[in-house]
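Structural features, examined
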Amino acid sequence: MRNEFFAVTGTSVYHAAHEEGKALPRVEKIALKGESVFPVGYVLDGGTMLAICKDLIMYVPEGGGLMNTTFERRIEYVNTRFWGDKTSSIIALFKTKEEALRCFDEKDTVPCDPRWLKETTEVLDEIGNNHPRFEICHYPALALIS
């Protein structure tokens, strides 16, 4: 189970990590080109889980309260009022910062860029579908890889 990865978007690079024993994942912007809502060093807020979709979305899974005993962690079923900060569209996912920064320097990138599909798929496969704090979205309208 992978607990760390790097996400490249059109304007930024993010470092996502979940340390065992910690309650929350941490997603920090580590590089920026051009303009963005979040500066370098900003940590995404507004959730206890990280959804890996066409973008990264912090969110709070629904349920588990006194009146609601169901628990929903699949982002497509969580009301958007429980969604927090999110990134712009993901270009690719990487295991190392060096790979992510090389991708970030490339020109003419597109969301879910086919040039890095192998690396992105490897990261998703290593995270798996049962991670305690990362949720890979498989819903076609939101999924990074259909």
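Please refer to the structure higher up on the page.
Now for a quick tour of the structure. The structure presented is a predicted model; accordingly, all values stated were derived computationally and were not measured.

In a beta sheet, neighbouring strands are held together by backbone hydrogen bonds and run either parallel or antiparallel to one another. Spatially, the four strands line up as an open sheet ordered β8-β5-β4-β10, and their pairing is mixed. At either end of the open sheet lies a strand with only one pairing partner, and these are β8 (83-86) and β10 (134-136). Neighbouring strand axes in the sheet, compared pairwise and without regard to direction, differ in orientation by 30° on average. Both strand β5 (residues 56-59) and β8 contribute to a ladder of two bridges, which runs antiparallel. Pairing of Tyr59 across the sheet is with Trp83, part of β8.

Those residues of helix α2 (residues 117-127) not exposed but buried are Thr120, Val123, Leu124 and Ile127. Buried residues of α2, seen end-on, are gathered within an arc of 95° and therefore sit on one face of the element. With respect to the buried face of α2, the exposed residues turned more than 90 degrees away are Lys118 and Asp125. Against β1 (4-9), β4 (49-52), β9 (90-94) and β10 lie the buried residues of α2. Phi turns positive, to about 80°, at Gly128, one or two residues after α2.

The rules we used
Residues numbered from 1 in each chain as written. Predicted model: local features only at pLDDT ≥ 70, side-chain atom pairs only at ≥ 80, totals over all residues. Heavy atoms only, no water. Pairing = 2+ DSSP bridges. Helix = DSSP H or I, 4+ residues; strand = E, 2+ residues; numbered from the N terminus. Axes fitted to C-alpha atoms, helices over the stretch in contact; angles between N-to-C directions. Buried < 20%, exposed > 50% of the residue type's maximum accessible area, 1.4 Å probe, protein only. Arc of directions from axis to C-beta. Contact = heavy atoms within 4.5 Å.

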